[in-house]
Amino acid sequence: MAMTKEKIASMALIRLGAGPITSFTANTREAQVVSNMYDTVTTTLFSYANWNFATTKVALAQLSQTILDKNYDYVYQLPSSIVKVLGIFDANGNYDENYSVEDDKVYTNFAVANLVYIKEQDEADFPAYFTECLVAKLAFEMSEALTGIGSIHERLYNEFQNKLRQARISDGQEEPAKTIVGPGSLIRAHQGAYIVRG
């Protein structure tokens with residue numbers, strides 16, 4: 001059975017003891033809360049890990065605009081579906097250690113640039129472990145707004161953390177270990193260099 005936003009939201013609401021919804025535009029408190037939170041919570045969860053199922057590679061389109069930063073020779077447009085940049089590599093598979101992400105563009109010295117990134121996926125393509133994790137996070141995020149009970153909020157937070165750990169393990173077991181950024185990138189990754197900033 002293919003998942004939809006409404007099904008995932010309903011699963012989270014049921015965890016809270018609330019009723020399911022059939023539409024985000026329904027005239028109910030539950031629909032109002034979930035419709036305001038769903039997209040942000042989902043995108044945030046995609047940014048929490050380098051999910052294998054959401055990792056995508058694409059050739060970037062070079063832009064002709066004037067580059068003010070003289071440290072870079074080329075600028076490329078990032079895809080609109082991007083959640084997080086994982087790396088930039090050239091036609092020979094060499095990774096760039098000195099690119100810069102600014103708004104919806106990336107600056108580099110590669111004349112041909114390819115992108116490895118986390119792409120937000122449709123609900124129908126979510127693995128079961130990611131759906132479970134999203135349901136737990138939605139329930140946690142909505143708990144105070146819908147229940148006002150702190151003990152439930154704390155319990156749901158702990159459940160989400162457990163689901164997140166389990167999801168990361170499941171996702172990591174799908175494929176052999178692989179390198180998605182070049183050597184020497186760990187410090188920049190730790191400092192948030194690969195996260196797209198708006």
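For the structure, check the block above.
Residues numbered from 1 in each chain as written. Predicted model: local features only at pLDDT ≥ 70, side-chain atom pairs only at ≥ 80, totals over all residues. Heavy atoms only, no water.

A.B. asks: Run through the sheet that holds strand β1 (residues 55-59), naming residues and quoting values.
C.D. replies: Taken together, the three strands give an open sheet; going across it, the order is β1-β7-β4, and neighbouring strands pair in antiparallel fashion. Where the open sheet ends on each side, the last strands, each with one partner, are β1 and β4 (82-89). Neighbour-to-neighbour, the strand axes of this sheet turn through a mean angle of 30°, independent of strand direction. Taken together, the five bridges between β1 and strand β7 (residues 114-119) define a ladder with antiparallel strand orientation. Residue pairing for β7: threonine 55 is matched across the bridge by isoleucine 118. Each of β4 and β7 touches helix α2 (residues 29-47); the most contacted strand, β4, lies at about 25° to it. (Pairing = 2+ DSSP bridges. Helix = DSSP H or I, 4+ residues; strand = E, 2+ residues; numbered from the N terminus. Axes fitted to C-alpha atoms, helices over the stretch in contact; angles between N-to-C directions. Contact = heavy atoms within 4.5 Å.)

A.B. asks: Break down the nonpolar core for me, with residues and values.
C.D. replies: Counting 40 residues, the largest nonpolar core has Phe46 and Trp51 as the members making the most contacts within it. Secondary structure elements with two or more residues in this core: α1 (5-15), α2, β4, β7, α3 (128-146) and α4 (150-172). If you tally residues by element for this core, the top one is α3, at ten residues. When neighbours within four sequence positions are excluded, phenylalanine 46 is seen to be in contact with Trp51, Phe53, Ala54, Val83, Ile118, Lys119, Glu120, Gln121, Phe126 and Phe130. (Core = buried A, V, L, I, M, F, W, Y, C linked by side-chain atoms within 4.5 Å. Buried < 20%, exposed > 50% of the residue type's maximum accessible area, 1.4 Å probe, protein only.)

A.B. asks: Lay out the packing of α2 against α3 with the relevant residues and their values.
C.D. replies: Between two packed helices, both the angle of their axes relative to each other and the distance between the axes serve to describe the pair. Between α2 and α3, the least distance of the axes is 9 Å, while the angle of their chain directions is 135°. Taken together, α2 and α3 sit at an angle that is classed as oblique. When the axes of α2 and α3 are compared, the crossing they make is right-handed. Within the contact between the two elements, α2 uses Arg29, Glu30, Val33, Val34, Met37, Tyr38, Val41, Thr42, Thr44, Leu45 and Phe46 and α3 uses Phe130, Cys133, Leu134, Lys137, Leu138, Glu141, Met142, Ala145 and Leu146. Tallied by class, residues from the contact of α2 with α3 come to 14 nonpolar, two polar and four charged. (Parallel < 35°, antiparallel > 145°, perpendicular 65-115°, else oblique. Left-handed = near helix turned anticlockwise from the far one by under 90°. Nonpolar A, V, L, I, M, F, W, Y, C, P; charged D, E, K, R; others polar.)

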